[in-house]
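# Survey of secondary and tertiary structure
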Amino acid sequence: MLLNEIPAGQCDFGYNTFNDFNEAEKIDGVYYDEPTGTHETHEDPLLDAAYRLANGSPCFDTGVNVGLPYSGAAPDRGAFETLVTDKLGDLYGARDGDAVRLTTSVVTGASGVFTGDIISIEDESRAAGILVQSCPILVDEGARIAVAGNVTSVNGVKAVVATNVDYLSSGDPLTPLGMPGKSVIGSGLKNYSLLVKTWGKVHVISGVTAYFLLDDGSGNTDGNGNAGIPIVVSETQGGIGTWPADGSFVSVSGIAESANLGGGTVSVLLPRGASDIH
């Protein structure tokens, strides 16, 4: 007996999805009528290239409980169960490769801000954030979007490789959360991928073009013995223009992340452009 499947041929069991099944189709010399059953659908399941369910699929939460773990109101139909949530913090415990569907998130780093097709998003509550790779559409800061994709890890931090992104609405951009350098990532509750603001004294390392340091005495380093939180400008599309002078005092807004700058993984800040540095 088949349950929660998306077959392409003969079947007469319920809780399945049939797409493009022709009436009285001939299979192995035998004619079969279009299958009928309880709680089945006869429409496109909206599978992506990896055979996972894209946003809007009729197969989300429409399967039957067979005693296996699932997310949402009911199991999904198809080969992969999808984690459905509006809380980005739920992804921190997910495994790499897990399918996820984020129902509503706010864009903090718009399309074209960072190198590659990367955007940053947060919960409306500011509880958690995450980077989204391979975003297939252009989105502005403040946009509310839904994301479907798969979990991955970059320098030990969870991210999502998008297979589908839906624009929901425009909205007011989120403002950066002010915090000292030691709290940008923190040693307890992690602030990964949140839009934050910190301040301190600028230290420019001779010959280093990827980042400068912002030191407020919190004990952050770049992993190479230089004090301060690294402000990584090499990931900002088009750069930030003129760097602040060595020894000057500035505030910097950006996305809190981790990176390996040659001496191990450390906390860093990714400014979105020149306007993030004051």
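Scope of this entry: the structure provided in the associated data block. Numbering of residues starts from 1 in every chain and runs along the sequence as written. Owing to the predicted nature of the model, reporting of local features is limited to residues with pLDDT of at least 70; listing and counting of side-chain atom pairs is limited to 80 or more, with chain, interface and lining totals taken over all residues. Hydrogens and water molecules were not included; the side-chain quantities draw on all heavy atoms of the structure.

### Things to note about the nonpolar core
Our working rule: Residues belong to a common nonpolar core when they are buried Ala, Val, Leu, Ile, Met, Phe, Trp, Tyr or Cys residues joined through side-chain atoms within 4.5 Å. Throughout this description, buried means an accessible area under 20% of the type-specific maximum (1.4 Å probe, protein chains only), exposed means over 50%, and partly exposed covers the range between. The contact criterion used throughout is that any non-hydrogen atoms of two residues lie within 4.5 Å.
Core analysis: the largest hydrophobic core is formed by 20 residues, its most contacted members being Ile-121, Ile-145 and Val-147. Those residues within four positions of Ile-145 in sequence are excluded, and the remaining contacts are Leu-102, Thr-103, Thr-104, Ser-105, Val-107, Ile-119, Ile-121, Val-139, Val-165, Asp-166, Tyr-167 and Leu-168. Core analysis: the second largest hydrophobic core is formed by 19 residues, Val-157, Val-184, Leu-194 and Leu-214 among them.

### Section: a nonpolar patch on the surface
Counted only if it meets this: Each patch is built from salt-bridge-free residues with over 30% relative accessible area, joining like charges within 9 Å and nonpolar side chains (Val, Leu, Ile, Met, Phe, Trp, Tyr) within 5 Å. Areas reported as accessible are Shrake-Rupley estimates using a 1.4 Å probe. Residue values count occlusion only from the protein chains shown. A side-chain nitrogen of Lys or Arg and a carboxyl oxygen of Asp or Glu constitute a salt bridge if their distance falls within 4 Å. Each helix is a run of DSSP H or I of at least 4 residues and each strand a run of E of at least 2, with the numbering of both proceeding from the N terminus.
Judged by side-chain polarity, Leu-47, Tyr-51 and Phe-80 come together as a nonpolar surface patch covering roughly 300 Å² of accessible area. As for its placement among the helices and strands, Phe-80 is situated in the loop between β2 (30–32) and β3 (82–85). The partly exposed category is assigned to Phe-80, whose relative accessible area is 32%.

### With respect to the side chain of Asn-220
Stated precisely, the cut-off is as follows: We define a polar contact as two N or O atoms separated by no more than 3.5 Å, with the added condition that, inside protein, one atom must be a possible hydrogen donor and the other a possible acceptor, whereas residues neighbouring each other in sequence contribute only through side-chain atom pairs.
Position of Asn-220 among the secondary structure elements: in the loop between β11 (211–215) and β12 (229–232). A distance of 3.4 Å separates a polar side-chain atom of Asn-220 from the backbone oxygen of Gly-181. Each residue touching Asn-220, except ones within four places of it in the same chain, is listed here: Gly-181, Lys-182, Asn-226, Ala-227, Gly-228, Ile-229 and Ser-267.

### Brief notes about the packing of aromatic side chains
Using the following cut-off: Within 6.5 Å between ring centres, the rings of Phe, Tyr and Trp (the latter by its six-membered ring) count as paired, and their orientation is classed by plane angle as stacked under 30 degrees, edge-to-face over 60, tilted in between. Note on criteria: charge over ring means Lys NZ or Arg CZ within 6 Å of the ring centre, with the direction from the centre no more than 35 degrees off the ring normal.
Scanning the entire structure with this criterion turns up one aromatic pair. Above the ring of Phe-60, the side-chain terminus of Arg-101 is found at 3.6 Å from the ring centroid.

### Notes on the environment of Tyr-70
The residue Tyr-70 is located in the loop between β2 and β3 in this model. Sequence-distant contacts of Tyr-70, defined by excluding residues within four places in its chain, comprise Asn-65, Pro-75 and Glu-81.

### With respect to the pattern of salt bridges
Enumeration over the complete set of coordinates arrives at eight salt bridges. For Lys-158, the salt bridge identified is with Asp-96, shortest N-O distance 2.9 Å. Within this pair, whereas Lys-158 is found in strand β8 (residues 157–169), its partner Asp-96 is found in the loop between β3 and β4 (99–109), the two being separated by 62 residues in sequence. Assessed through its relative accessible area of 16%, Lys-158 is described here as buried. A relative accessible area of 45% means that Asp-96 is categorised as partly exposed. Measuring nitrogen to oxygen at the nearest pair gives 2.9 Å for the salt bridge that ties Asp-276 to Arg-272.

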